[in-house]
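Chain by chain, the residues:
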Amino acid sequence: MTERIEEMGPIDYVVVEFPGNRMTGEGLSHLVDLVDRGIIRVLDMVFIRKDEDGSVARLEISDLDGDGELDLTVFEGARSGLVGQDDLDEASAAVEPGNSAGLLVYENLWAAPFAAALRRGGAQLVASGRIPVPALLASLEAAEAADAT
């Protein structure tokens, strides 16, 4: 197992909120494509619902868009054990009452050879982060406004 871990790419997670508990399945084909092309590997996929009173329930969803077809069967068994109750609690804190969310934990397979080579050389990834698109746009707008003055 240690050898496999040494060859892994960086692990990321995303929490996607669905306002009004409306999960359409839109985007699912793109996720499947990323997996099929070997760009990512899904480690965990969990769905939650946050009721108006703030209570949170884990959902078992197989038909996201209500068309009668099992949309998520391709990810059946995508439970590595990495996601615990504390992770679900943290994810649910980001979700507004009356909405649902998906928590996706995935390995960046595209970066695995790079990460493994760095580890073999004794390097370690000590920090990483994401810049949300709205924050990026706000920053660019602020920079453009500063340049205009």
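Structural data are supplied above this passage.
Residues numbered from 1 in each chain as written. Predicted model: local features only at pLDDT ≥ 70, side-chain atom pairs only at ≥ 80, totals over all residues. Heavy atoms only, no water.

S.K.: Sorry if this is basic, but what is going on with helix α4 (residues 112–120) here?
M.R.: Each α-helix turn comprises 3.6 residues. Residues three or four places apart therefore point the same way. Residues Ala-112, Ala-115 and Ala-116 constitute the buried set of α4. Summarising the axial view, the buried residues of α4 lie within an arc of 100 degrees, below the 170-degree limit, and thus occupy one face. Counted as exposed and oriented over 90 degrees from the buried face of α4: Pro-113 and Phe-114. Of the residues one or two after α4, Gly-122 is the one with positive phi, at around 90 degrees. (Buried < 20%, exposed > 50% of the residue type's maximum accessible area, 1.4 Å probe, protein only. Helix = DSSP H or I, 4+ residues; strand = E, 2+ residues; numbered from the N terminus. Arc of directions from axis to C-beta.)

S.K.: What is the right way to read unusual backbone geometry from this model?
M.R.: Located in the positive-phi region is Asn-21, a residue other than glycine, with phi close to 60 degrees. Topologically, Asn-21 is positioned in the loop between β1 (11–18) and α2 (28–36).

S.K.: Looking at this structure, I do not really get the sheet that holds β1. What am I missing?
M.R.: Note: strands within a sheet are paired through backbone hydrogen bonds, in either parallel or antiparallel orientation. Taken in spatial order, the 4 strands line up as β1-β4-β2-β3 in an open sheet, and their pairing is antiparallel. Since the sheet does not close on itself, it has two edges, and those belong to β1 and β3 (56–59), each with one partner. The sheet shows a mean angle of 25 degrees between the axes of neighbouring strands, taken without regard to direction. (Pairing = 2+ DSSP bridges. Axes fitted to C-alpha atoms, helices over the stretch in contact; angles between N-to-C directions.)

Any link to function would need more than the numbers given here.
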